[in-house]
Amino acid sequence: MPRPAPLIEMRGISKSFGAVKANEAVDLSVAPGEILGLLGENGAGKTTLMNVLFGAYAPDAGEILVQGRPVTINSSADALAAGIGMVHQHFHLAPRLSVLENLLIGIPGKSGRIDRAGGLARLGEIGRQHGLTLDPDLPVSALSVGEQQRLEIVKALFRGARLLILDEPTAVLAPTEVDGLFSALRSMAAQGLGIIFISHKLNEVRALTHRCVVLRHGRVAGRVDAPASTTSSEMARLMCGHEIVPPARGPSTPGAAVLTLDDISTSRHSGMALRDVSLAVRAGEILGIAGVSGNGQRALAEVISGVRAPDAGRMTIAGKIVSRFSPREVQALGLGRIPEDRMTTGLVTNLPLADSMVLPRIGTDAFSRNGLLRPDAIRAFAEAQIKAYDIRCPGPMTRAGALSGGNLQKALLARELAFDPKVLIVSQPTRGLDIGAARFIHEKFLDMRAKGCGIIVLGEDLEELLMLCDRIAVMYEGRIVGTLASADATIARLGLMMTGAEGHG
Amino acid sequence: MSVVLEQIFQVGFLAAIIRIATPLAFATLGEMFSERAGVLNLGIEGIMLLSAMTGFTATNLSGSLWLGVLAAVVTGALMGALHALFTVALGLSQHVCGIGVTLFSSGLAYFLYRLIFGQQSVPPSIKSFETLPIPVLSDIPVLGPAVFNQFSLVYMAILAVPLAAFVLYRTPWGLSVRMVGENPRAADSAGVGVIATRFQAVILGGALMGLAGAFLSMAQFNAFTFGLVSGRGWVAIALVVFGRWDPWRSAGAALLFAFVDALQLRMQASGLGHIPYEAFLMLPFIFTIVAMAVMSRNAVAPSALLKPFRREER
Ligand SMILES: Nc1ncnc2c1ncn2[C@@H]1O[C@H](COP(=O)(O)OP(=O)(O)O)[C@@H](O)[C@H]1O
Ligand SMILES: [Mg+2]
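Residues numbered from 1 in each chain as written. Chains lettered and ligands numbered in written order. Predicted model: local features only at pLDDT ≥ 70, side-chain atom pairs only at ≥ 80, totals over all residues. Heavy atoms only, no water.

Residues and elements named next belong to chain A. In spatial order, the strands read β12-β11-β14-β15; together these four strands make up an open sheet with antiparallel pairing. Each of the sheet's edge strands pairs with one partner strand only, and the pair in question is β12 (277-282) and β15 (320-321). Running at roughly 120 degrees to strand β11 (residues 257-265), helix α9 (residues 297-304) makes contact with β11, β12 and β14 (312-317) of the sheet. (Pairing = 2+ DSSP bridges. Helix = DSSP H or I, 4+ residues; strand = E, 2+ residues; numbered from the N terminus. Contact = heavy atoms within 4.5 Å. Axes fitted to C-alpha atoms, helices over the stretch in contact; angles between N-to-C directions.)

Next up on the list: the interface of chain B and chain A. At the interface, 25 residues of chain B touch 32 residues of chain A. Both sides of the chain B and chain A interface together cover about 2200 Å² of buried area, and 58% of this is carbon and sulfur. Per-residue buried area on chain B facing chain A is highest for L175(B), S189(B) and E312(B); these three make up 25% of the total on that side. Counting across the interface, chain B meets chain A through two salt bridges. Between E101(A) and R178(B) there is a salt bridge, with its nearest N and O atoms 2.7 Å apart. For the pair chain B and chain A, the number of links is nine residue pairs in polar contact (both at pLDDT 80 or more). Put simply, the parts of the chain that give the side of chain B that touches chain A at least two residues each are α7 (152-170), α8 (172-182) and α9 (184-189) of chain B. When residues in the side of chain B that touches chain A are grouped by element, the largest group, six residues, is from α8(B). When the residues that make up the side of chain B that touches chain A are grouped by side-chain class, the tally is eleven nonpolar, six polar and eight charged. (Buried area = accessible area lost by both parts, 1.4 Å probe. Salt bridge = Lys/Arg side-chain N within 4 Å of Asp/Glu carboxyl O. Polar contact = N/O pair within 3.5 Å; in protein donor to acceptor, adjacent residues only side chain to side chain. Nonpolar A, V, L, I, M, F, W, Y, C, P; charged D, E, K, R; others polar.)

On to unusual backbone geometry. All names here are of chain B. Even without being glycine, V136 reaches a positive phi, approximately 70 degrees. Along the chain, V136 falls in the loop between β1 (132-133) and α6 (143-147). Residue classification places V136 among the exposed residues on the basis of a relative accessible area of 67%. A positive phi is found at S230, a non-glycine position, where the angle reads about 35 degrees. Along the chain, S230 turns up in the loop between α10 (194-220) and α11 (232-242). (Buried < 20%, exposed > 50% of the residue type's maximum accessible area, 1.4 Å probe, protein only.)

Counting across every chain of the model gives 20 salt bridges over all chains. Between R116(A) and D137(A) there is a salt bridge, and its shortest N-O distance comes to 3.2 Å. Placement of R116(A) in helix α4 (residues 116-130) and of D137(A) in the loop between α4 and α5 (145-158) is noted, with a sequence separation of 21 residues between them. The class of R116(A) is partly exposed, set by a relative accessible area of 40%. Overall, D137(A) belongs to the partly exposed group, its relative accessible area being 45%. Between K127(B) and E130(B) there is a salt bridge; the shortest N-O distance is 3.2 Å. Note on accessibility: K127(B) and E130(B) belong to one class, exposed. Here the salt bridges do not stand alone but share partners, grouping E9(A), R11(A) and E63(A) into one network.

With that out of the way, let us pick up the sheet that holds strand β1 (residues 8-17) of chain A. Residues and elements named next belong to chain A. Taking strand neighbours across the sheet as the criterion, the four strands line up as β2-β1-β4-β5 in an open arrangement whose pairing is antiparallel. Two strands bound the open sheet, and with one partner strand each, they are β2 (20-30) and β5 (69-71). Strand-to-strand twist of the sheet, defined as the mean angle between neighbouring strand axes without regard to direction, takes the value 30 degrees. Against the sheet, helix α1 (residues 46-53) contacts β1, β2 and β4 (61-66), and its axis sits at roughly 120 degrees relative to β1.

Here it is in structure tokens:
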């Protein structure tokens, strides 16, 4: 199929951060009405490339052409003027300002004032065209993540974007919200907009995009002209440079229960309260907890990890009753945990990685003696784990916040698994990770299962749960509404249960 | 006791509140603009002192009051620009630079004052601002003489409050100021110049602090003395928090503080002579501390306050 002249074209773009070559001689073009997929593992340079196009980073070499003419883009203002809009992975919104204020920022006013009427009119118009409606006067903090993303898209369209860049837009969405996003994107493409769509999720890329560019280590590793008829494993090979074999979950012979919850209830502090939750995880078993976020998974994870004490009910770890519900107690009983938010509750981002890696066990003899830390032991431990888990970083004294998501997750996993937990609780274990890193994490879980560890995985990614878990329980409005053996479970059935439509299965 | 109360709540009491509140209102609005853009300006105390000095001096040398006010405003704006240069352009610590600006400005004020006037037996003076009754309005009973028979700078302060609210909430520039104070990255990616906007806000803030200084030396006290500002700048910083970074509330906070201060002055002058006057002097500050503790618990500062912005940093 002959393609129309490109809307934008990037030629020979290179960009380095110190010694890191984030982009090297990258060529890329997008035609009007085309949805281009930009693929690559974490750290491949996708975000950097798009930030160059959007004027946030100055490239070291290369040129950018808009409709055939070379342009200099030194700032986001230049990019917007050239018709390029971007929805960043971490939204660029001010939570305390209203939707309309976030929309009108940087827009010249009318006779010295903010043009409220004009803004409302355009907001309504864009909403109707693409099904992107928003309440103009709500503060952004009151919006769901999906609505905030919608606002970012509207913001770009409002500024007359003819090319829209979306950096991993589906990473933050629930499966149902993804459909809405895709139909809006298709509607925009149908009107002649060019779209660059970044994602790790190959099935999404295959469903949505017309063409793909794959980056690896900052270079173009391959181009896919017909994503729909290319297999996921082919694309995965381009991304990683080698075959990716999905791990096989062999049969298991679960042992005794290592974690039990009996009629656990909590009051409503923040988020959904738990109501009479009972479950049991046995040694050598992986139990999945599926549910749309906001249905009590967070409270469940908090109770199990000893962060929050329940109002009623009983919990045991390895046969012993948990009485005080403190993180230290559950940990001493043999629980390991990998929290949902790596950055805020997982690690101390401003401290060296080594310190974060020993933090939960800082008071044990291994890392302190007579009330004083043992820096050599801490360092040696971190160095050993960095080697064992192939954590890519300059060294144990690197600031933890400087690591990429995949490497942080490996560090958290290393820190828990080093102490042979009897039970492991993880939330959204591979959120935001690329296939290579996700595989690694999955394999570790299956190893632990073979060694007799009981694992609870909380998540929304049903495909992942089905692949990993022996049984899957579904949470809805603070209750467990049913538990299925994964042999009996299908995405459709679980999806239905997650909306509360089906009772005990 | 009723005699005391009567003495306190005389006709002039209201007028005193307004007069005391004026420099606080200018200073508080100035600090508020700066902080809304994400820049804490601890230079305020020194900027007020230096502006009071330059305003006084310019008037003393030229004989023109408004030239003095202009000199004070320009001084404030320049010191604001200096603070912005350190904190916004160079991204240095706002605390350290602010205290540096205060120390530098105060030192400079004393030094220049001595340099210009030397050690005179009779302190230099100016023909200061006089009250300017507004026709008709000043005839309203009670309110008239208190509010509408004041210095022209007082009227400016009264007008400055709605004007500040308009600029902050209704103009594109005000929206940019709020956005760079909340999420500079969002402003940047919407094409707003973060550095430029912050510079402008801190300079405007400095100019308002300059007006506060001018009022002190040219209307309220008619002299430049070393203890002239005596903590009013620090109080303004507290009032911004108390006023939750909002022009109306900040002005209200300034009025409340002024009320306690005026009360304190009256109590000193009244029949409560057996209590040492220092006890009364403490009152407004105790009030500030208590009010801050009670009222500011759920006040939320601009999210990007104290945070420098560098585009290519993650
Ligand atoms: N602002 C920055 N400062 C230093 N290094 C960076 C910065 N942004 C990206 N990098 C580095 O550049 C590489 C590419 O990162 P990025 O473009 O974010 O990858 P992707 O979006 O594909 O995951 C990584 O090694 C990353 O650590
Ligand atoms: Mg990225």
